[in-house]
Structures are given as C-alpha cells and as structure tokens.
Amino acid sequence: MKEIYNRFDTRYAMLCRQPIRHFCYKLEILDWYEFPTEELTDLLIDEGSITINRSQGVRRSCSIVLANVNKESEPTQNSKFWYTRKFKLWSGMVDEADNTIYWFSQGVFLTTAVSSTADGRLEITGVDKFGLFTAEYGASVLEAEHRIKAGTKITTAIRDIIQMDMGNQCVCDPVEPLFDVSLYGEEVPYDISTSAGQYIGDILVELALCLGSDIYYDTDGRLNVHSGTTDTHYRQRGSQWVFEQNDINIVSFGSSAELGSAVNVVTVTGTDENDCHYYYTAENRDPTSPINVNAVGKRAGETIETSMGYSEQRCKEYAEYWLKEKSLIALSLSFECVFLPHLDVDKNITITDESTMEQKRYIITALTIPFGSIGSMSMSATNIVDLLHYNEI
C-alpha cells in the first residue's frame, strides 16, 4: 500500500468531500531521540481522543486504549510506555481507488499515566513534549537558582534550556527548535534570575511572551517559537479547509461570546537595568472589531509587569500581543464536523455564512479529534475579522 505523509493535494481534498470515508490510525513507539522502534497499531481499541488547544507551552494531550495482549505492556521499567520512551500518533484517510493512505502527524507525546485493567485493556494518557518542562510531567522543577546573563541571545537561551542534561546523560529535547528569523538578533537586556521551585516551562513561556511570540511543539514534536503580534500572520495566509454551504462535513453548529472575559485595553510595564520605568497601553479601536472601545467602552485588563519590558517598544509589542489574545478568547464559534485529519489549531479555515452567503475566515483555537474511532471532531474558532489591525489603533 502506498503511503503519503503530511501532504494536502487535490486527491486528498476530494476524499474529504466523499460521503463515505475510511479512516486509519497509527501508533509508533519512539526512543528518547525519537527514532521509531516499534509500531503498535494493531493493538489500538476504538476509544481514544486527542485534545488540542491554542495556548502557550503545552498544546496537546491524548488518551488512547490498547489491547494488553499477554500482559506485554504492563507499566514496568521495560514497558513501551515508560520515562525513557515517547510515542507518536498518526491519523490517516484511505484512498481505496488506488490503495493509498494519506497520513497526518498528530503529535509526539510523553506518557503521563498508564494503567492495566483486569479485562485486558491498557489505558494511556499523554502530553506533548512541552509537558516535560511543566507540572504536566512533573520532572522540571528547578533545584537551584537559574540565571540567564545579560547579552545572551534569547534563541540561544531557549535552545540551551531545552538541551539541558536530565541527569542521565540525555538532553531534555534532542530535536533542534524552529525560530522565526526575526528573533535571532534579540538579546536578554540584563541578568534574569529564576528561583528554585519554579518550573523550566515558566522561563520558556516568559522569554517567548516578552518577544510577543508563541511557543509550542508542532505535530512532529519540534519546538516552534514564532512571532504572534502581527495581524498579517493570519489575514494574509490561506485556509486549511473551506466549509461550503450545506457542507456534508458539518454535523452541528453554534456560537458563543464570553462577554465577561472581553478586554479591549491592555497596559504593560517594565524597567531597564538603570531602573527606568516604561509602559505602553494598547487599545482596541479597530472599527471592524465588535468589542472595540468606541463600540462597548473601555474594558481594561490587569496591568502586566514583565522583566523584558526594558523599553517602550518592548512594552508595546507585549501589550499588542495580549490584546489580540484577549480578542481570540472573547468571541468564538463552535461546531462539530466529520474528522478532517489535516486540521490543526492556529490555522485558518473558511466558513460560508448561509444567511448572507458570505465566506468568512476563522482561526482554529481548539480541537478534539478521535483517535482509533470513527467519531466526529469538535472545533472552536474565532473570526479573523475580530483580530485587530494595529495600524488603525
């Protein structure tokens, strides 16, 4: 059987429009350096799911069930699901006309819990690799003060953190991270210290946020750090899928507005090494946004203080980043659709408004997808029109 990996083409798009589809799933066991050592696909039981949220740090978690044949996968040191191993999940769609499978990676995971039941089931929960640096996995509490010296390139600081020795002659993450080119010249302006008891993930998120950037692991288990402040990041790119009028993929549809969480004014403050104070207030005055100041009045969030607010420009970028994040939280729609394996959070889709026949683009903010079953997927998304044009503020 021919296999195609992580490719969207016209043939795959046609399969996604078919009324009857054949889905398939794959589970690979990886060593710590993420080389496949074994495939356990035949043992999957149809009860798994993957939850994905557009957030900083951990984005993916999963729950899968295997048939525990001959008790071969009991939770012991020699188990396939143990501290020194990882696993990768794949979802696919079969083109039965030419016997081809379109595979799409769904993440590289660490095992957070495993249990063996009396009826021969092995139940496993996992979290993406960022969990290694957080309470999700519980292995990265700092035992002593951690200091990042002034002048250190931020990209170097992040790379050094994820490649720290775990104490067993293995680095935390052996895979090279992916940075936006625009971030390579940025430096830590002065020494940053973190005390014992803090999680390493807190440092990674703070370094990224202070640059107005997103930090997360992608579907292939690679750390991504990319700028998230520009509206063109979403407005000028294409859609992963277009939901047409009366689309057979849509099962149910709804919308929601978290009115109490809506914020249209964000202030960020910080100091430099000479104790000079800086601040910037970002206001949503974009007339296309339904929660702009002129439409609903000022709704100010709490002032954010950051160690990286060492100039007005840095405070401005950080404030604009969080103002956009608050817009994404406040206004969203949710719907259930037939499983489309290629979709991911932080990507665009297009939906046809059946009342006006207007096509609107949305950014996916949350997904719950089946794994090992034929169930539908749940999705939350925000209209890109609601994102701010900063040149109009």
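Every value quoted in this text rests on a predicted model; they were computed, and no experiment measured them.

## Here's the deal with the overall build of the protein
1) Next: Within the protein, the secondary structure is distributed over 6 helices and 22 strands.
2) Next: For the protein, the residues scored as buried account for 51% of the 393 residues in total.
3) Next: Pairs at least 24 residues apart make up 71% of the contacts formed inside the protein by residues separated by at least 6 positions.
4) Next: As displayed, the protein has an accessible area near 17700 Å², and 49% of this comes from carbon and sulfur atoms.

## Quick notes on the confidence of the model for the protein
1) Next: Taken over all residues, the pLDDT of the protein has a mean of 84, while the share at 70 or more is 89%.
2) Next: Below pLDDT 50 for its whole length, residues 388–393 participates in 24 contacts with residues either more than four positions away or in separate chains.

## Overview of helix α2 (residues 154–162)
Owing to its 3.6 residues per turn, the α-helix aligns residues three or four sequence positions apart on the same side.
1) Next: α2 sits mainly inside the fold: 7 of its 9 residues count as buried.
2) Next: Looking only at α2, the buried set comprises Ile-154, Thr-155, Ala-157, Ile-158, Arg-159, Ile-161 and Ile-162.
3) Next: Of the surrounding secondary structure, the elements contacted by the buried residues of α2 are β9 (146–148), β10 (178–179), α3 (200–209) and β13 (223–227).

## Re the nonpolar core
1) Next: Ranked by internal contacts, the top residues of the largest apolar core, which has 45 residues, are Phe-130, Phe-133, Ile-148, Ile-158, Leu-204, Leu-207 and Ile-215.
2) Next: Elements with a contribution of two residues or more to this core: α2, α3, β12 (213–217), β13, β16 (265–271), β17 (277–283) and α6 (312–330).
3) Next: Not counting residues within four places of it along the chain, the set of residues in contact with Leu-204 comprises Phe-130, Phe-133, Ile-158, Ile-161, Ile-162 and Ile-215.

## A closer look at the packing of aromatic side chains
To describe a pair of aromatic rings, one takes the distance between the centres and the angle between the planes.
1) Next: All chains considered together, the criterion is met by 16 aromatic pairs.
2) Next: Ring centres of Phe-23 and Phe-339 lie 5.5 Å apart, and the angle between their planes is 45 degrees; this geometry places the pair in the tilted category. Here Phe-23 is found in strand β2 (residues 23–30), whereas its partner Phe-339 is found in the loop between β19 (331–337) and β20 (348–353), with 316 residues between them in sequence.
3) Next: The class of Phe-23 is buried, set by a relative accessible area of 15%.
4) Next: Pairwise contacts between aromatic rings join Phe-8, Tyr-12, Tyr-102, Phe-104 and Trp-241 into one cluster.
5) Next: One residue, Lys-26, lies across the ring of Trp-90, its end atom 5.5 Å from the ring centre.
6) Next: We note Lys-26 situated over the ring of Trp-103; from NZ or CZ to the ring centre the distance is 4.6 Å.

## Here's the deal with the sheet that holds β12
1) Next: On the basis of which strands lie adjacent, the open sheet formed by 3 strands has the order β10-β13-β12 and mixed pairing. Since the sheet does not close on itself, it has two edges, and those belong to β10 and β12, each with one partner.

## Comments concerning the sheet that holds β17
1) Next: One open sheet accounts for 3 strands, arranged β17-β16-β18; its pairing is mixed. This sheet does not close on itself; its edge strands, each paired only once, are β17 and β18 (304–305).
2) Next: Relative to β17, β16 runs antiparallel, the two sharing 7 bridges. Paired with Val-268 across the two strands is Tyr-280, which belongs to β17.

## Section: the pairing of strand β7 (residues 100–116)
1) Next: Most of β7 sits out of view: 12 of its 17 residues are buried.
2) Next: Two strands pair when backbone bridges link them, and strand β1 (residues 2–5) and β7 are joined in this way by 4 bridges, in the parallel orientation. In the strand pairing of β7, Lys-2 is matched with Thr-100.
3) Next: Hairpin connection between strand β6 (residues 86–95) and β7: a loop of 4 residues separates the two successive antiparallel strands, and Asn-99 in this loop has a positive phi of roughly 60 degrees.
4) Next: Note: β7 against strand β8 (residues 121–128), 7 bridges, orientation antiparallel. From the neighbouring strand, Ser-115 faces β8, where its bridge partner is Glu-123.
5) Next: Hairpin connection between β7 and β8: a loop of 4 residues separates the two successive antiparallel strands, and Gly-120 in this loop has a positive phi of roughly 85 degrees.

## Concerning the side chain of His-342
1) Next: With respect to the helices and strands, the residue His-342 is situated in the loop between β19 and β20.
2) Next: Among the residues examined, His-342 registers a relative accessible area of 9% and is labelled buried.
3) Next: Polar contacts involving the side chain of His-342 include one to the side chain of Tyr-12, which spans 2.8 Å.
4) Next: Not counting the four nearest positions on each side in its chain, His-342 is found in contact with Phe-8, Tyr-12, Phe-104, Gln-240 and Trp-241.

## Notes on the pairing of β6
1) Next: With 10 of 10 residues buried, β6 lies mostly within the body of the structure.
2) Next: Both β2 and β6 contribute to a ladder of 8 bridges, which runs antiparallel. Paired with Tyr-25 across the two strands is Ser-91, which belongs to β6.
3) Next: Examined bridge by bridge, β6 and β7 share 9 bridges and lie antiparallel to one another. Counterpart to Asp-95 in the pairing with β7 is Thr-100.

Scoring rules and cut-offs
- Residues numbered from 1 in each chain as written.
- Predicted model: local features only at pLDDT ≥ 70, side-chain atom pairs only at ≥ 80, totals over all residues.
- Heavy atoms only, no water.
- Helix = DSSP H or I, 4+ residues; strand = E, 2+ residues; numbered from the N terminus.
- Buried < 20%, exposed > 50% of the residue type's maximum accessible area, 1.4 Å probe, protein only.
- Contact = heavy atoms within 4.5 Å.
- Areas by Shrake-Rupley, 256 points an atom, 1.4 Å probe, with all protein chains shown as cover.
- pLDDT = per-residue confidence, 0-100.
- Core = buried A, V, L, I, M, F, W, Y, C linked by side-chain atoms within 4.5 Å.
- Phe/Tyr/Trp six-rings, centres within 6.5 Å; stacked < 30°, edge-to-face > 60°.
- Lys NZ or Arg CZ within 6 Å of the ring centre and 35° of its normal.
- Pairing = 2+ DSSP bridges.
- Polar contact = N/O pair within 3.5 Å; in protein donor to acceptor, adjacent residues only side chain to side chain.

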